[in-house]
Amino acid sequence: SSSMSRGRLASSCVSGPATCFGAMLVVSVSNDSEHTFVYDGEYISSGEFKTERDKEITPSATTRLEFTTSVSGLNGLIWFVDKETHTRYLSMALAKHIGPASFTCTVGVPPANLKTELSQAPKIDKDQEVSAGDASCRWVGTDEGVLLKVPKEVPFWSPPTAAEYRAVGDPAAGAAPAGAALPDEGDAAAADFLAQTRPRDAGDGLARGLKTAGAGIASGLATAIGAPVIGARSEGALGFLKGVGVGLAGGVALTVGGVVGGTTQVVRGLGQIPAAYRGRHEEKVWDQETGTWVDINLCELEVKTEQEKEEDDGAGTPSGDPNVTVKETEYYDLLKVAPGAAPSEIKKAYYKEARQCHPDKNPGDEAATAKFQKLSEVYQVLSDPEARKKYDRDGQAGVADMKQAQLDPAAFFSLLFGSEKFLPWTGELHMAMQMDHFAKTAMAAEDEPQQDEDKLSKQVKRRQNRREVLCAAHLREKTERLVYGRDLAGFEEQMRLEAHELANAQFGPELLLALGEIYQLRAEIYLANELAGRFSMAKRIASLKHNATMAKHGMHFYSNAAGSLWRAKKVYSAASSASAATKKKEGEGTAPGDPDALDEEQAKIVESAIDDALPTFLQTAWSYVVRDIDSTMKNVGRKFLQDKSVPWQIRVRRAQALQRLGQLFAEASQGASAQGERSRAQASEEAKAKLQEAMLGAFKEK
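The structure presented is a predicted model; accordingly, all values stated were derived computationally and were not measured.

1. Details of the overall build of the chain
Point 1. Each helix and strand counted, the chain has 21 helices and 15 strands in total.
Point 2. Out of the 702 residues belonging to the chain, those deemed buried represent 45%.
Point 3. On the chain, roughly 35,300 Å² of surface is accessible, and the fraction owed to carbon and sulfur atoms is 56%.

2. Considerations on the pairing of strand β7 (residues 89–96)
Point 1. Of all eight residues making up β7, eight are buried, and the element is well covered by its neighbours.
Point 2. Relative to β7, strand β6 (residues 74–82) runs antiparallel, the two sharing eight bridges. Looking across to β7, one finds that Gly-76 is bridged to Leu-94.
Point 3. In sequence, β6 turns back onto β7 through a hairpin of six residues, with His-86 there showing a positive phi of about 60°.
Point 4. Looking at chain direction, β7 and strand β8 (residues 102–108) are connected through seven bridges and run antiparallel. Opposite Ala-93, over in β8, you have Thr-104 as the bridge partner.
Point 5. The hairpin formed by β7 and β8 contains five residues between the paired strands, and Gly-99 there has a positive phi angle of roughly 95°.

3. Observations concerning the side chain of Gln-649
Point 1. Inspection of the secondary structure puts Gln-649 in helix α19 (residues 648–671).
Point 2. Not counting the four nearest positions on each side in its chain, Gln-649 is found in contact with Trp-79, Tyr-89, Ser-91, Pro-110, Pro-111 and Leu-114.

4. Focus on the packing of helix α16 (residues 508–531) against α19
Point 1. Where α16 meets α19, the closest approach of the two axes is 7 Å, and the angle between their N-to-C directions is 150°. With respect to α19, the axis of α16 lies roughly antiparallel. For the element pair α16 and α19, the recorded crossing hand is left-handed.
Point 2. Class assignment for the residues of the contact of α16 with α19 results in 17 nonpolar, eight polar and three charged.

5. Comments concerning helix α4 (residues 202–271)
Point 1. Taking 1.5 Å of rise per residue, the 70 residues of α4 would be expected to cover 104 Å, yet its terminal C-alpha atoms sit only 8 Å apart, more than 12% below that figure.
Point 2. Taking the largest bend as the criterion, α4 deviates by roughly 150°, centred on Glu-235.
Point 3. Of the residues that open α4, the one with a side-chain oxygen 3.3 Å from the backbone nitrogen of Gly-203 is Asp-201.

6. Some thoughts on the environment of Ser-576
Point 1. Among the structural elements, Ser-576 can be located in helix α17 (residues 537–587).
Point 2. The class of Ser-576 is partly exposed, set by a relative accessible area of 30%.
Point 3. Considered as a pair, Ser-576 and Val-606 are 30 residues apart in the sequence and their alpha carbons are 9.3 Å apart.

7. Some remarks on the pattern of salt bridges
Point 1. Scanning the entire structure with this criterion turns up 30 salt bridges.
Point 2. The residue Glu-144 makes a salt bridge to Arg-64 at a minimum N-O spacing of 2.8 Å. Of this pair, Glu-144 sits in the loop between β10 (137–141) and β11 (145–150) while Arg-64 sits in strand β5 (residues 61–68); the two residues are 80 residues apart in sequence, bridging distant segments of the chain.
Point 3. One network of salt bridges, with partners in common, ties together Glu-492, Arg-496, Arg-660 and Glu-667.

8. What about a nonpolar patch on the surface?
Point 1. A grouping of Ile-217, Leu-221, Ile-225, Val-229 and Val-259 is seen on the molecular surface, where their side chains present a nonpolar patch of about 420 Å² in accessible area.
Point 2. By the secondary structure assignment, Ile-225 is in helix α4.

9. Structural notes on unusual backbone geometry
Point 1. With a phi angle near 60°, His-86 is a residue other than glycine that sits in the positive phi range.
Point 2. With respect to the helices and strands, the residue His-86 is situated in the loop between β6 and β7.
Point 3. In the Ramachandran plot, Arg-486 falls in the positive-phi region, its phi being about 60° despite a non-glycine side chain.
Point 4. Its place among the elements puts Arg-486 in the loop between α14 (453–483) and α15 (488–503).

10. A look at the packing of aromatic side chains
Point 1. What the rule picks out here adds up to 15 aromatic pairs.
Point 2. With centroids separated by 4.4 Å and ring planes inclined at 5°, the aromatic side chains of Tyr-331 and Tyr-391 adopt a geometry described as stacked. Placement of Tyr-331 in helix α7 (residues 330–335) and of Tyr-391 in helix α10 (residues 385–394) is noted, with a sequence separation of 60 residues between them. As far as the burial class goes, Tyr-331 and Tyr-391 line up, both buried.
Point 3. Aromatic rings pair up to connect Tyr-39, Phe-49, Phe-67 and Phe-80 into one cluster.

11. Thoughts on the pairing of β10
Point 1. Counting buried positions along β10 yields four of five residues, so the element is predominantly enclosed.
Point 2. As paired strands, strand β9 (residues 129–131) and β10 are joined by three bridges and run antiparallel to one another. Bridging from a neighbouring strand, Glu-129 pairs with Val-140 of β10.
Point 3. Hairpin connection between β10 and β11: a loop of three residues separates the two successive antiparallel strands.

12. Regarding the environment of Asp-40
Point 1. If you trace the backbone, Asp-40 turns up in strand β3 (residues 37–46).
Point 2. A residue is classified by how much of its surface remains accessible, and Asp-40, at 14% relative accessible area, is buried.
Point 3. Separated by 13 residues in the primary sequence, Asp-40 and Arg-53 have C-alpha atoms spaced 8.7 Å apart.
Point 4. Aside from chain neighbours lying at most four places away, what touches Asp-40 is Trp-79, Phe-80, Val-81, Tyr-89, Arg-486 and Arg-653.
Point 5. In this structure the side chain of Asp-40 is engaged in a polar contact, spanning 3.2 Å, whose partner is the side chain of Arg-653.

13. Things to note about the confidence of the model for the chain
Point 1. Confidence in the prediction for the chain averages 79 pLDDT; 77% of positions are at 70 or higher.
Point 2. The weakest mean pLDDT in the chain belongs to strand β1 (residues 12–15) at 34; the strongest belongs to β6 at 95.
Point 3. Low pLDDT, under 50, characterises residues 1–22; the stretch is placed with 94 contacts to residues that sit more than four places away or in other chains.
Point 4. Of the regions scoring below 50 in pLDDT, residues 674–684 engages in 17 contacts with residues more than four places distant in sequence or in other chains.

Rules of the game
- Residues numbered from 1 in each chain as written.
- Predicted model: local features only at pLDDT ≥ 70, side-chain atom pairs only at ≥ 80, totals over all residues.
- Heavy atoms only, no water.
- Helix = DSSP H or I, 4+ residues; strand = E, 2+ residues; numbered from the N terminus.
- Buried < 20%, exposed > 50% of the residue type's maximum accessible area, 1.4 Å probe, protein only.
- Areas by Shrake-Rupley, 256 points an atom, 1.4 Å probe, with all protein chains shown as cover.
- Pairing = 2+ DSSP bridges.
- Contact = heavy atoms within 4.5 Å.
- Axes fitted to C-alpha atoms, helices over the stretch in contact; angles between N-to-C directions.
- Parallel < 35°, antiparallel > 145°, perpendicular 65-115°, else oblique.
- Left-handed = near helix turned anticlockwise from the far one by under 90°.
- Nonpolar A, V, L, I, M, F, W, Y, C, P; charged D, E, K, R; others polar.
- Expected span 1.5 Å × (residues − 1).
- Bend = angle between axes of the 7 residues up to and from the residue.
- Polar contact = N/O pair within 3.5 Å; in protein donor to acceptor, adjacent residues only side chain to side chain.
- Salt bridge = Lys/Arg side-chain N within 4 Å of Asp/Glu carboxyl O.
- Patch = residues over 30% accessible without salt bridge, like charges linked within 9 Å, V, L, I, M, F, W, Y side chains within 5 Å.
- Phe/Tyr/Trp six-rings, centres within 6.5 Å; stacked < 30°, edge-to-face > 60°.
- pLDDT = per-residue confidence, 0-100.

This is the structure:
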């Protein structure tokens, strides 16, 4: 692959008109630059590009590009990049139907959306030369089509970075105009409610309307039936008659209210049709929180989520002061980090050291197991801001009284489902976030009864959004070799090696398959939408495949959940029988709490029931993880593929790279299919081992 140039300059364009006759349109490219351009991509909805795609547009020469019309004419886009660095683009949009043809072109920096350029392409008039707005390049109409002149100096394009946006900042963000009155809290709450309940489009409005109306009718019927029953129980016949009146009045009111609310949602949805059409046409994404169609800019999202994380972490979290003074350094030495290390450095170091002494990699090695436990203890102290402060100030004596074991949900699920290897790909699992949220809510209730539950819920939403942004940024980084460098062979080799390593993790083959499936589905939907059309058969087929896969994963989850309930019932029955036997023995004179009261046979029955249930419980948790990956990667795909910080042509290349990545992950998972089958039908001992190892690494002393 070629090295990428840095910096971005203003784009240069060539534009001009001409009239084309016949079934062929010829674009003659006169290349005055020193760069050789090679074919990079196309989107031709009607007609055909007849020139060989490996033909180069060479310097100081004129290259002939031929297009032919079909029954429906000629309509399409085609683009080339410089052979050396792939940073200079030659992007064309052309159309030929009844009447004069249309043509436009940009040289250097690609346009924000080449499809939009096609819709705005000027007509071609023979022998008339027209310059672009910046007068940087030109084309002129000929008898055959267009003579395009590539200027001597061609600017280059490089992808933007979050650092650039961080440096520029947004001084206007969140600033109110001088003298502006702050909105009333009641008005703001009402505006938020209206925005958050606004339907996305007509279909969403209909669905919301039916749901609201259905809820109103159901509530009305329940009131009409329940009120007389309750009245009869409390006051007999007179109460029944009163209940009939109250029930009818309440039932009618609730039914009418539901129907009115549902109708309102349908009408609001119809009113959203124009905005929805524009939003989808402009590749915007619906934001339910604001009730608007918004652009996605991945670089801006990275900066925003970094700021939100700093807010959520709070001022009390150690930030990595290199001059910090501590009483002792043993814990830091075990992780091989400096006492002033940032939380992210400590986390990375813990996973690195823990992986080397993990019991899976060192079977039978008691020293490795002991070190693994010690690392877990150290990490739980240094990852907790308050505990770390105590350790820095007082050493191990300061945390010696923290004896209550607590489970770190993030570490537990990370170690259980794929370890830290998958963390950049899947992010922090939603199950771990929820458990952590419940734990923090419980702690807040003990320490600060007035703790704002909404604040904690908002932090969970922020963590999920941050997870999606980080995963999208990781995909961007991993696909750069193919998207920007055009190095298909190198990209495939690199991803195969990484997939092979990921497959060796716990649930590795299953995670690879889950990621591979959703990557391919999201890429196919995007490519069908952009290159075939939103209402095309290709888009419908891609959407059907996506919905079928989501339904299959949903059925697996509910089936496993039902199996878990059945297993839980068996465990409960065994435990109840054992409890009854124990009480019987206590009644015969055995001291309460005597371990001999529970005979060996009863204990084995309970233990056997638990052992039989563990694989089912674990499989249910895994099927929940798959659904979590599906929903999260859907949003990750949007942030990655609809990122307006890069041009449309790059977004198309990202989709093609994501599709290939999904295929490679699926192939790697199939290579470990035998192991995957055993994982899906784990024996009791294997399930216990996985849970014990995960808990061993996730428990912390508190």
